[in-house]
Amino acid sequence: MTISYGPYAFDSPFITWVGLFTIAGILVGGILFACAMPRQGASRRTSFRLVLIAVFGGLVGARLFHILDYLDFFTGAPFHIFYLWEGGYSLWGGVLGGLTVGLWKAGRQGLERLPVADTAMLPGLIGFAIGRVGGVIGGDPPATGSSLPWAIVYDHPDSYAFAGGAAVHPVALYEVLLSLTIALCLLRRAKRLPEGAAMPLALAAWGAGRFAIAFVRLDPVTFGLQQAQWVGLIAVVVVALWVWCSRLRARGGDGPRARSP
């Protein structure tokens, strides 16, 4: 398969395919979240406020993580920090920034944070899948070569995944499929999960999936792994500890009751 589009949509230097589809993903995910929040006792107005502040936190976190990932470049060209139209956003930074700020605001609004986090997972995954379609079209991010049947040739020289006519792994497509697979699992199992479990389990699955996908990405490496792999590894470890502690508490609660005197 060959894709001839560059990173910019409609030949505009200020509109990228990634940015265009990211906005579409934010809109769809935000609307789905706002429609689901009345079940948590929140009004539509409160829900959209949560969406707006979570988006702001996500954009700040995504940009900050990207700057840290390419710190050598931004140290030498600090003004490029503000060149937002050039792209440069970390998915993990967006997730952690959006969740942190959004859940903080939910608590300030008197809402229970764990049910809000669970509610945000499915819309968030769908929104991410839509956003990564822009990466499929624009060839973002760069990837290693591949001879697999689904490998893609990006023949536009400005494409991030341009490899001189060679086929590469469709990393963005892998991320689309990963997000949709986790979303489908949540949709089918949501009623069986205890309250507060959807968020950590979804993040752990997403982290594990992106850890594997990163092996075919061409990103900076720190201590042998990419930033996405380090964050994903931490997410998996944290969730494993959470599951272990939860089982210990459950076993303690099921133990024999003390006899009455």
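Residues numbered from 1 in each chain as written. Predicted model: local features only at pLDDT ≥ 70, side-chain atom pairs only at ≥ 80, totals over all residues. Heavy atoms only, no water.

**Topic: the overall build of the protein chain**
Per the secondary structure count, the protein chain includes eight helices and five strands. Along its sequence from the N terminus, the protein chain presents helices and strands in the succession β-α-α-α-α-α-β-β-α-α-β-β-α. Over its C-alpha trace the protein chain gives a radius of gyration of 20 Å, about what one expects of a compact globule, namely 18 Å for 261 residues. Projected onto its principal axes, the C-alpha coordinates of the protein chain cover approximately 80 × 40 × 40 Å. (Helix = DSSP H or I, 4+ residues; strand = E, 2+ residues; numbered from the N terminus. Rg over C-alpha atoms; globule rule 2.2 N^0.38 Å.)

**A few points about a nonpolar patch on the surface**
Side chains of Phe223, Trp230, Leu233, Val237, Leu241, Trp244 and Leu248 sit close together on the surface and give an oily, nonpolar patch of about 760 Å² of accessible area. Residue position: valine 237 is located in helix H8 (residues 227-253). Relative accessible area serves as the criterion here: at 43%, valine 237 is assigned to the partly exposed category. (Patch = residues over 30% accessible without salt bridge, like charges linked within 9 Å, V, L, I, M, F, W, Y side chains within 5 Å. Areas by Shrake-Rupley, 256 points an atom, 1.4 Å probe, with all protein chains shown as cover. Salt bridge = Lys/Arg side-chain N within 4 Å of Asp/Glu carboxyl O. Buried < 20%, exposed > 50% of the residue type's maximum accessible area, 1.4 Å probe, protein only.)

**What to know about the pattern of salt bridges**
Applying the stated criterion to the full structure yields four salt bridges. Where glutamate 175 meets arginine 210, a salt bridge forms, and the shortest distance between an N and an O atom there is 3.3 Å. Placement of the pair is glutamate 175 in helix H6 (residues 171-189) and arginine 210 in helix H7 (residues 198-213), with a sequence separation of 35 residues. Just as glutamate 175 is buried, arginine 210 falls in that class too. Here arginine 217 and glutamate 175 are joined by a salt bridge, their closest N and O atoms 3.1 Å apart. With arginine 217 in the loop between H7 and strand S4 (221-222) and glutamate 175 in helix H6, this pair connects stretches of sequence that are 42 residues apart. For arginine 217, a relative accessible area of 15% gives the class buried. Through salt bridges with shared partners, one network takes in Arg132, Glu175, Arg210, Arg217 and Asp219.

**As for the packing of helix H4 (residues 91-108) against helix H5 (residues 113-138)**
Where H4 contacts H5, the two axes come as close as 11 Å, and the packing angle between them is 150°. In this structure, H4 meets H5 at a crossing whose hand is right-handed. Residues Leu91, Val95, Leu99, Leu103, Trp104, Ala106, Gly107 and Arg108 of H4 pack against Arg113, Val116, Ala117, Met121, Phe128 and Arg132 of H5. The residue inventory of the contact of H4 with H5, partitioned by class, reads 10 nonpolar, one polar and three charged. (Axes fitted to C-alpha atoms, helices over the stretch in contact; angles between N-to-C directions. Left-handed = near helix turned anticlockwise from the far one by under 90°. Contact = heavy atoms within 4.5 Å. Nonpolar A, V, L, I, M, F, W, Y, C, P; charged D, E, K, R; others polar.)

**Observations concerning unusual backbone geometry**
Note the cis peptide between aspartate 140 and proline 141, where omega equals 15°. Along the chain, the position of proline 141 falls in the loop between H5 and strand S2 (152-154). One non-glycine residue, phenylalanine 223, lies in positive phi territory at about 55°. Looking at the secondary structure, you find phenylalanine 223 in the loop between S4 and strand S5 (225-226). Relative accessible area serves as the criterion here: at 78%, phenylalanine 223 is assigned to the exposed category.

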